[in-house]
Amino acid sequence: MPWPIPTAKAIAERIASTIETAVQAVRPDIDPVALSRAVRSARGMFAILGRAVAPALRQVHDHIGWWSRQYFADTAEEEFAYRHADMWGVEHRAATFSTGAVLVEGVVGTAVPAALELAGSDGLLFAIDAPAAIGPGGTVIMTVTAVSAGPASNLEPGIRLRTVAPFPSISRITVQAPGLAGGAPEETPRELSAKTVERIRQPPHGGAGFDYPVWLREAYDVRAVRVVTDWIGRGSVGVIVAMRDGDFGRTPTPTELDDMLNHLGPPGSSTGLRPVTAHVVLVPAEIIPMPISVRLRPDTAETRAAVAEAFARYVATIGDAEDEQNDGPIGALIEPSRISDALSAAAGEYAHDLPVPAAPYRLAAAQYPTPGVITWLPPL
């Protein structure tokens with residue numbers, strides 16, 4: 001049962017009652033009116049002492065309460081969250097670097113060295129990963145990695161870069177589709193605590209299905225991971241990955257897939273974290289918008305906005321800890337009744353009809369759901 005923490009005022013009243021009872025016990029002949037004034041009046045000497053001590057006692061209660069929260073991984077604050085994680089061997093993920101491909105144009109045969117620094121118009125720096133030569137067509141595609149970690153280095157395709165040092169043989173550098181991605185802030189203490197709790201509840205099994213999401217989250221900002229056995233035949237393990245993109249997921253870039261496969265261990269090698277005999281196949285999640293049709297009552301702009309927000313919140317929770325039907329969002333079972341429940345919680349909504357989807361359906365094995373187009377139906 002919870003332990004009630006009294007307010008400073010309640011502590012002061014308790015002190016006053018204790019003093020009053022104790023004085024009456026040793027001095028039965030004392031004037032009760034004068035005693036009550038001394039222990040309870042704002043100008044009473046005993047009352048002044050009680051009000052001085054009460055806030056300090058309240059601070060003691062608060063400090064003990066704070067310490068009690070540090071004993072548990074799910075309520076510990078930053079310093080102690082790191083300590084719990086360290087004791088359980090849970091890695092804290094640092095900020096990650098964005099990577100991707102760029103198209104380098106210039107003089108045919110020009111050797112472009114590794115570690116050549118490129119810069120954007122905002123001063124962000126990137127470095128060429130491996131050397132290459134500009135081909136017969138005057139172009140070559142090369143991979144780059146951001147010099148500084150974090151989401152600021154994620155760039156959309158088509159953005160132009162330039163070399164930091166003069167390089168006359170290169171005329172143009174352009175970010176290729178799907179862009180430079182993978183830069184993410186470091187893991188928060190709350191996210192680290194959630195990983196620690198997961199580690200306590202589900203210890204590593206050296207290659208069980210639930211080990212793969214843990215291994216990937218140690219180094220990458222993944223949103224969802226699904227593991228499918230015998231993906232391309234006996235002994236293979238399909239690891240379907242969606243990267244974090246706000247509250248939802250996105251398809252990982254080819255560079256991110258290569259990096260994650262090297263992290264787990266490429267086929268035919270004895271490196272990485274996977275069991276030596278496992279043939280791991282990294283599969284990019286397919287982002288699938290979920291369309292719905294709604295007849296809303298009352299049908300106003302404000303209510304539509306609230307319903308759209310409620311629908312987005314529902315999609316973001318598919319496969320979370322409260323979803324008893326799905327272990328994760330990838331390949332999830334979509335229940336119209338749960339969508340309807342979410343829409344009913346929207347501010348201003350009185351009633352609605354949900355013709356689409358008309359029946360439960362399951363996403364394909366590699367599909368990740370995001371909010372789709374809402375078709376607003378006219379009133380009947």
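One structure accompanies this document, and this report is about it.

**Structural notes on the overall build of the chain**
At step 1: Each helix and strand counted, the chain has nine helices and 17 strands in total.
At step 2: The C-alpha radius of gyration computed for the chain amounts to 31 Å, which surpasses the reference 21 Å derived for 380 residues by more than 25%, pointing to a less compact arrangement than a globule.
At step 3: Viewed in the frame of its principal axes, the chain has a C-alpha envelope of about 110 × 65 × 45 Å.
At step 4: The 380 residues of the chain split such that 40% are buried.
At step 5: The contacts in the chain between residues at least 6 apart in sequence include a share of 65% that link residues at least 24 apart.
At step 6: On the chain, the mean spot of the 31 positive side-chain charges and the mean spot of the 42 negative ones are 6 Å from each other.

**A look at the pattern of salt bridges**
At step 1: Under the definition given, this model contains 11 salt bridges.
At step 2: With a closest N to O distance of 3.5 Å, Asp-221 and Arg-93 form a salt bridge. Of this pair, Asp-221 sits in the loop between helix H6 (211-217) and strand E9 (222-229) while Arg-93 sits in the loop between helix H4 (78-87) and strand E1 (99-106), and the two are 128 residues apart along the sequence. The exposure classification of Asp-221 matches that of Arg-93, with both residues buried.
At step 3: Between Asp-353 and Arg-297 there is a salt bridge; the shortest N-O distance is 3.1 Å. Residue Asp-353 is found in strand E15 (residues 351-356), and its partner Arg-297 is found in strand E13 (residues 286-297); the two are separated by 56 residues along the sequence.

**Points about the environment of Phe-311**
At step 1: Examined against the element boundaries, Phe-311 turns out to sit in helix H8 (residues 301-316).
At step 2: For Phe-311, a relative accessible area of 1% puts it in the buried group.
At step 3: Between the alpha carbons of Phe-311 and Glu-117 there is a distance of 44 Å; along the sequence they are 194 residues apart.
At step 4: Excluding residues that lie within four positions of it along the chain, Phe-311 makes contacts with Met-290, Ile-292, Ile-339, Leu-343, Pro-371, Gly-372 and Ile-374.

**Focus: the layout of surface pockets**
At step 1: Of the pockets and cavities examined, the largest pocket occupies roughly 1600 Å³.
At step 2: Among the residues forming the lining of the largest pocket, the class breakdown is 15 nonpolar, nine polar and 17 charged.
At step 3: Taken as a whole, the second largest pocket spans an internal volume of roughly 260 Å³.
At step 4: Every residue lining the second largest pocket is counted, 19 residues in all, and those nearest its centre are Asn-154, Gly-183, Ala-184, Asp-221 and Arg-244.
At step 5: The dominant element in the lining of the second largest pocket, judged by the number of residues it contributes, is strand E10 (residues 236-245), at three residues.
At step 6: Class assignment of the residues belonging to the lining of the second largest pocket gives a composition of six nonpolar, five polar and eight charged.

**What to know about the sheet that holds strand E8 (residues 170-175)**
At step 1: Judged by pairing direction, the barrel is antiparallel, and its six strands sit side by side in the order E1-E6-E4-E3-E7-E8 before closing back on the first. Taken pair by pair, the neighbouring strands of this sheet meet at an average axis angle of 40°, ignoring direction.
At step 2: Bridging between strand E3 (residues 117-119) and strand E7 (residues 160-163) involves two bridges; their strand directions are antiparallel. Note that in E7 the partner of Ala-119 across the bridge is Arg-162.

**Thoughts on the nonpolar core**
At step 1: If you look at the biggest cluster of nonpolar residues, it comprises 31 residues, and the most contacted ones within it are Met-290, Ile-292, Phe-311, Tyr-314, Ile-339 and Leu-343.
At step 2: Mapped by element, the contributors of at least two residues to this core are E9, E10, strand E12 (279-284), E13, H8, helix H9 (336-344) and strand E17 (367-376).
At step 3: No other element matches H8, which puts six residues into this core.
At step 4: With 19 residues, the next largest nonpolar core counts Leu-124, Ala-146, Ile-170 and Val-175 among its residues.

**Details of the packing of helix H1 (residues 8-26) against helix H3 (residues 45-70)**
At step 1: Packing of H1 against H3 brings their axes to within 8 Å, and their N-to-C directions diverge by 130°. Relative to H3, the element H1 is oriented oblique. Relative to H3, the crossing made by H1 is right-handed. Between H1 and H3, the contacting residues are Ala-8, Ile-11, Ala-12, Ile-15 and Ile-19 on the first element and Phe-46, Gly-50, Arg-51, Val-53, Ala-54, Pro-55, Leu-57, Arg-58 and His-61 on the second.
At step 2: For the contact of H1 with H3, the per-class residue count stands at 10 nonpolar, two polar and two charged.

**Some remarks on unusual backbone geometry**
At step 1: The peptide bond linking Arg-297 to Pro-298 adopts the cis configuration, its omega dihedral lying at -5°.
At step 2: By secondary structure assignment, the location of Pro-298 is in the loop between E13 and H8.
At step 3: Between Val-356 and the following residue, Pro-357, the backbone shows a cis peptide bond with an omega angle of 5°.
At step 4: Its place among the elements puts Pro-357 in the loop between E15 and strand E16 (361-362).

Conventions used here
- Residues numbered from 1 in each chain as written.
- Predicted model: local features only at pLDDT ≥ 70, side-chain atom pairs only at ≥ 80, totals over all residues.
- Heavy atoms only, no water.
- Helix = DSSP H or I, 4+ residues; strand = E, 2+ residues; numbered from the N terminus.
- Rg over C-alpha atoms; globule rule 2.2 N^0.38 Å.
- Buried < 20%, exposed > 50% of the residue type's maximum accessible area, 1.4 Å probe, protein only.
- Contact = heavy atoms within 4.5 Å.
- Lys, Arg positive; Asp, Glu negative; His and termini not counted.
- Charge placed at Lys NZ, Arg CZ, Asp CG, Glu CD.
- Salt bridge = Lys/Arg side-chain N within 4 Å of Asp/Glu carboxyl O.
- 1 Å grid on protein atoms, 1.4 Å probe; cavity = no way out; pocket = protein on both sides within 12 Å on 5 of 7 lines; lining within 4 Å.
- Points joined across faces, edges and corners; volume = space filled by probe spheres on them.
- Nonpolar A, V, L, I, M, F, W, Y, C, P; charged D, E, K, R; others polar.
- Pairing = 2+ DSSP bridges.
- Axes fitted to C-alpha atoms, helices over the stretch in contact; angles between N-to-C directions.
- Core = buried A, V, L, I, M, F, W, Y, C linked by side-chain atoms within 4.5 Å.
- Parallel < 35°, antiparallel > 145°, perpendicular 65-115°, else oblique.
- Left-handed = near helix turned anticlockwise from the far one by under 90°.

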